[in-house]
Amino acid sequence: MSFNALNLPPPILKGVRAAGYSEPTPIQRKAIPIIMEGQDLIGAAQTGTGKTAAFVLPILARLLQGPRRLRALVLTPTRELAAQVETNARDYARFTEVNVGVVYGGVPLPPQERMLRAGVELLVATPGRLLDLHGRLALRLDYVEVLVLDEADRMVDMGFAPDLRRILRLLPTDRQTMLFSATMPPELNQVAKEALRSPARVDLAPPSRPAAGITQAVYPVPRNLKTDLLDEILASIDVRSMIVFTRTKHGADRVARQLGKRNYAVAPIHGNRSQSQRERALGDLKRGRIQILVATDIASRGIDVDGISHIVNYDVPHTPEDYVHRIGRTGRMDAVGDAFTLMSPEEQKDFTAIERFLGRAVPRVMLPNFDYKMRPREIADSIRGSERTGRGGSGSRGKGSDGGARHGRSSNGARGHGGGRSSHGSPSGGRGGTSGGQGAGAGSSSGAQFGRRPKTIRGVDRRRGRL
Ligand code: AMP
């Protein structure tokens, strides 16, 4: 199916072609006709599925006609996502006269007030800043015809539900509303009931299914050795661009500092960083000036950097949904990527919950030459975790996962001899794992080089810093 079949006006089709899209993604195919009809919609789709164009293109089609005033509002949980949606919208609108604007907190108000006075028809905003600007009479919401709540579950998570309700009261009741969310927690369900009228539902890529092409693996490791293990993993793979997730801002700063000391080109990104620091870090990752971004979950929303090759969960995420969101940063669209989780014994329970949610086990991987300083009993327990979950796993993946676990055990047995070395390299759990490491690594995009310890990762000399 081509975009031509979607009845979009010619200047918008031209924008889509200029963006390099040849055919609509599944969410675009399903949602665009519904939105063009003017119906309310709930889209269960994550970032990475093409959902932004799914709602922006029909909005632009509507804005081509009619008065030029603020008629479409997109609310997002974070500044990064707001900036990303605005950039995409500007791209698609580049052959139209539609003015697109963005407002978010953490930056001075006057330039945003000036931009609003100059006039925008499509505004992307974070809820708090929108209310501030409305309080200062910088904008009117009475002519808004279309409202989008983007990553709505995250907005509710972040405590924006009262702000959303306040905004809903300021908008005309006669409007089209769309809500995009990966999950539907009860509080969001309540907001949805208040905001939407007889919505159509487009259910796509439920969060329990990470995009194909992502290879996952778990590295059991004591908490205090996580940075050392990460260093070891980094030395054994070819890292183009990596995001390391931590649970806390403090953790993100600490890990970034530790990796920096080991001469990796790295920057942290979280809520305490200024807007310009965050933008610089993202820009640097995009341009390849840094290889590693250390991020908290909230800061990661809206990160849209093509071709992220690796995701590392430095901490096991709080919820299975966070896990899927995090690893969704790699393997976007048709790309492939690896997602590794460093799991300390205390985090095993949380990870088991994630595996239950995924419906299958994620293979355990041990680095044979790494000194885990763990008692064999603890290691065996970590590995057994995956086997227990693996039993309920689906078909061949479940089997492969078991294989991964077995490799892990044999590598443990052979520790100190370099045996089972290819256990690192079997995160895809490709084969049934019969003998210590034999054949592992098939189908893995990361492990082939194990055993070599390269002195550089792209652009970085591990001993002397940036090249
Ligand atoms: P989103 O889910 O909106 O964040 O989009 C994820 C990525 O897919 C972005 O980098 C978009 O530029 C890209 N994208 C969106 N629609 C298409 C399409 N039809 N074909 C190719 N890439 C797309």
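Residues numbered from 1 in each chain as written. Predicted model: local features only at pLDDT ≥ 70, side-chain atom pairs only at ≥ 80, totals over all residues.

A. Quick peek at the packing of helix 8 (residues 161-170) against helix 9 (residues 186-195). Running from N to C, helix 8 and helix 9 cross one another at 0 degrees; their axes reach a closest spacing of 11 Å. Taken together, helix 8 and helix 9 sit at an angle that is classed as roughly parallel. Between helix 8 and helix 9, the contacting residues are Ala161, Leu164 and Leu168 on the first element and Glu187, Val191, Glu194 and Ala195 on the second. Among the residues forming the contact of helix 8 with helix 9, the class breakdown is five nonpolar, no polar and two charged. (Axes fitted to C-alpha atoms, helices over the stretch in contact; angles between N-to-C directions. Helix = DSSP H or I, 4+ residues; strand = E, 2+ residues; numbered from the N terminus. Parallel < 35°, antiparallel > 145°, perpendicular 65-115°, else oblique. Contact = placed C-beta atoms within 7 Å. Nonpolar A, V, L, I, M, F, W, Y, C, P; charged D, E, K, R; others polar.)

B. Local environment of the nonpolar core. Formed by 64 residues in total, the largest nonpolar core has its most connected members in Leu57, Leu60, Tyr92, Leu122 and Ala125. A total of nine residues in this core trace back to one element, the largest contributor, which is helix 3 (residues 51-63). With residues near it in sequence (within four places) discarded, Leu60 still touches Ile12, Tyr92, Ala93, Thr96 and Val98. Judged by nonpolar contacts, the second largest core, of 52 residues, contains Ala256, Val266, Leu285 and Ile354. (Core = buried A, V, L, I, M, F, W, Y, C linked by C-beta atoms within 7 Å. Buried ≥ 20, exposed ≤ 12 C-beta atoms within 10 Å, placed from the backbone.)

C. Broad picture of unusual backbone geometry. Residues other than glycine seldom take positive phi values, yet Asn7 does so here, at roughly 65 degrees. Tracing the sequence through the fold places Asn7 in the segment before helix 1 (10-18). Judged by C-beta crowding, with 12 C-beta atoms within 10 Å, Asn7 ranks as exposed. We note that Leu137 has phi near 60 degrees; this positive angle belongs to a residue other than glycine. Tracing the backbone shows Leu137 in the loop between helix 6 (127-135) and strand 5 (146-149). Note on Leu137: 8 C-beta atoms within 10 Å, which makes it exposed.

D. Local environment of the environment of Leu75. One can find Leu75 in strand 2 (residues 72-75). Considering only alpha carbons, one finds Leu75 and Met155, 80 residues apart in sequence, at a separation of 8.8 Å. Contact partners of Leu75, with chain neighbours within four places excluded, come to Ala125, Pro127, Val148, Leu149, Asp150 and Met155.

E. Layout of the pairing of strand 3 (residues 100-103). Side chains Val100 and Val102 project from strand 3 onto one buried face, and the interleaved Gly101 and Val103 project onto a second face that is buried too. Looking at chain direction, strand 3 and strand 4 (residues 122-125) are connected through four bridges and run parallel. Each bridged residue has a counterpart across the sheet, and for Val103 the counterpart in strand 4 is Ala125. As for the winding sense of the linkage, the β-α-β connection from strand 3 through helix 5 (residues 109-118) to strand 4 is right-handed. (Pairing = 2+ DSSP bridges. Right-handed = clockwise from strand over helix to strand, strands pointing away.)

F. Summary view of the sheet that holds strand 1 (residues 41-44). One open sheet accounts for seven strands, arranged 3-4-2-5-6-1-7; its pairing is parallel. Each of the sheet's edge strands pairs with one partner strand only, and the pair in question is strand 3 and strand 7 (200-203). Averaged over all pairs of adjacent strands, the angle between strand axes in this sheet comes to 15 degrees, irrespective of strand direction. Most of the contacts of helix 6 go to strand 3, to which it runs at about 100 degrees, and overall it touches strand 2, strand 3 and strand 4.

G. A look at the pairing of strand 12 (residues 310-313). Going residue by residue along strand 12, you find His310 and Val312 tucked away on one face and Ile311 and Asn313 tucked away on the opposite face as well. Both strand 9 (residues 242-246) and strand 12 contribute to a ladder of four bridges, which runs parallel. The residue bridging Val244 from the neighbouring strand is Val312, located in strand 12.

All quantities given are derived from atomic positions and should not be read as evidence of function.
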